[in-house]
Amino acid sequence: ATGTGSEIMRPLAVPMIGGVITSDAVVLLVIPVLYHMWMEWKLLPPKRPKKPKKKRGWFGKKKKLASAATGGPASRKSGEMT
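Residues numbered from 1 in each chain as written. Predicted model: local features only at pLDDT ≥ 70, side-chain atom pairs only at ≥ 80, totals over all residues. Heavy atoms only, no water.

*Asks:* What am I meant to see in the overall build of the chain here?
*Replies:* Secondary structure summary: the chain contains one helix and zero strands in total. Within the chain, buried positions represent 2% of all 82 residues. Of the accessible surface of the chain, which amounts to about 8,800 Å², a share of 68% is contributed by carbon and sulfur atoms. (Helix = DSSP H or I, 4+ residues; strand = E, 2+ residues; numbered from the N terminus. Buried < 20%, exposed > 50% of the residue type's maximum accessible area, 1.4 Å probe, protein only. Areas by Shrake-Rupley, 256 points an atom, 1.4 Å probe, with all protein chains shown as cover.)

*Asks:* Honestly, a nonpolar patch on the surface in this entry has me stumped. Any pointers?
*Replies:* Residues Val26, Val27, Leu28, Leu29, Val30, Ile31, Val33, Leu34 and Met37 make up a contiguous nonpolar surface patch of about 850 Å² in total accessible area. With respect to the secondary-structure elements, Val33 resides in helix 1 (residues 6-43). For Val33, a relative accessible area of 47% gives the class partly exposed. (Patch = residues over 30% accessible without salt bridge, like charges linked within 9 Å, V, L, I, M, F, W, Y side chains within 5 Å. Salt bridge = Lys/Arg side-chain N within 4 Å of Asp/Glu carboxyl O.)

Here it is, written out as structure tokens:
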């Protein structure tokens, strides 16, 4: 082009063509892939909550509960003083 304003339009042509190619790629490739991934995620069954782990003492041993037989704090009444 050699007409009026051609020296302004020539540098704008490269970004315009790049934008057209980029927008076509996004519309035809990226958006359908993201939509498919979203719909698969949406259709997955909900995750079940994990069962709470049993509390254990040091070295993986089960904790013993204080009882009346052992004389632990559970056997004392709240108002008694020793």
